[in-house]
Amino acid sequence: GELPPRLDTARSRIASFLRGDPQNLAFVRNATEGVNAVLSSFPLQHGDEVLSTSFGYPACLKAARRWCESRGASLVAAPLQFPVEDPGKILAALRGAHSPRTKLLLIDHVTSGTGLVFPLEEILSWAKSRSLPTLVDRAHAPGMLDLNLADLGRLGATFYSGNFHKWCCSPKGAAFLWVSPYWSEPVHPTVVSHG
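Attention in this report is confined to the structure presented alongside it. Not measured: the values here are computed from a predicted model. (Residues numbered from 1 in each chain as written. Predicted model: local features only at pLDDT ≥ 70, side-chain atom pairs only at ≥ 80, totals over all residues. Heavy atoms only, no water.)

### Looking at the layout of surface pockets
So the rule is basically this: For cavity detection a 1 Å grid was placed over the protein atoms alone, and a set of points counts as a cavity when a 1.4 Å probe fits there but cannot get out; an open set counts as a pocket when protein lies on both sides within 12 Å along at least five of seven lines, with lining residues being those that have an atom within 4 Å of a point. Grid points are joined across faces, edges and corners, and a volume is the space filled by probe spheres set on the points. Secondary structure elements follow DSSP: runs of H or I of four or more residues count as helices, runs of E of two or more count as strands, with numbering from the N terminus.
In this structure, the second largest pocket encloses a volume near 280 Å³. With three residues, the top contributor of residues to the lining of the second largest pocket is helix α6 (residues 149-155).

### Describing unusual backbone geometry
Put simply, the rule is: Residue exposure (1.4 Å probe, protein chains only): buried if accessible area is under 20% of the type maximum, exposed if over 50%, otherwise partly exposed.
The omega torsion across F82 and P83 is 0°, close enough to zero to call that bond cis. The residue P83 is located in the loop between β3 (74-78) and α4 (88-97) in this model. Positive phi, close to 55°, is recorded for R19, a residue that is not glycine. Here R19 lies in the loop between α1 (3-18) and β1 (25-28). For R19, a relative accessible area of 33% translates into the label partly exposed. Unusually for a residue other than glycine, S131 sits at a positive phi of about 55°. Structurally, the position occupied by S131 is in the loop between α5 (120-129) and β5 (134-137).

### Some remarks on the packing of aromatic side chains
What characterises a pair of aromatic rings is the spacing of the ring centres plus the angle enclosed by the ring planes. Our working definition: Here the aromatic set is Phe, Tyr and Trp, taking the six-membered ring for Trp, and pairing holds for ring centres within 6.5 Å; pairs whose planes are under 30 degrees apart are stacked, those over 60 apart are edge-to-face, and all others are tilted. Whether a charge lies above a ring is judged from NZ of Lys or CZ of Arg, which has to be within 6 Å of the ring centre and within 35 degrees of the ring normal.
Counted according to the given criterion, the structure contains four aromatic pairs. Ring centres 5.5 Å apart and planes at 70° place the aromatic pair F159 and W183 in the edge-to-face group. Residue F159 is found in strand β6 (residues 159-163), and its partner W183 is found in the segment after β7 (175-179); the two are separated by 24 residues along the sequence. Residue class for F159 comes out buried when judged on its relative accessible area of 1%. Among the aromatic side chains, those forming a connected cluster through ring pairs are F42, F159 and W183. Sitting over the face of the ring of W67, R66 holds its NZ or CZ atom 4.2 Å from the ring centroid.

### Some remarks on the environment of I14
Just so we agree on the cut-off: Here, residues are in contact when the closest pair of their heavy atoms is within 4.5 Å.
Looking at where I14 falls in the secondary structure, it is placed in helix α1. Taking relative accessible area as the criterion, I14 reaches 18% and is therefore assigned buried. Separated by 176 residues in the primary sequence, I14 and T190 place their C-alpha atoms 22 Å from one another. Setting aside anything within four residues of it in sequence, one finds I14 in contact with L25, F27 and F164.

### Description of the pairing of β7
Using the following cut-off: DSSP calls a pair of strands paired once it identifies at least 2 bridges connecting them.
In terms of burial, β7 is largely enclosed, as five of its five residues are buried. Pairing geometry for β1 and β7, over four bridges, is antiparallel. Within β7, the residue paired with V28 across the bridge is A175. Pairing between β6 and β7: five bridges, direction antiparallel. In the strand pairing of β7, S161 is matched with L177.

Set out below in structure tokens:
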């Protein structure tokens, strides 16, 4: 009986830190679990595509591929080459790989393998102009970058998942999923149980 109010208190503190509404935040064990919650809930259909990049976090790309295959959809990874000397090349690669079948953009904010900070505002603006829902894997961003979930939501982000055990130095198992209020109903946890 003590845990739910304590989680609410923690969620409010996290929302203040991330500058977002606590009603749109859920705790998950890690960012990849948050990504899976979105992918398992997202209404992909046969022939649809999920767009990402070749720099995507391998676990998230594997999850996207698995959820796509289960529905007859495809994962498309826009090819990037390291080093990326011009951030505009990231958006150009996404534009080149986008198609009318693209239904979801899965994008890193900070890539795991290279440490690159993607030009998220420009990517979100481009995706919003195409009414393309965006799932941002922010595993490394909390504590490393100044995050404002409310602003990024206005820019067009639909989902964010991030870890606190990296730059925030929390124990492993501390992570969050933020969901736009427009998408809160269809998104469910990967494991459905009490609560």
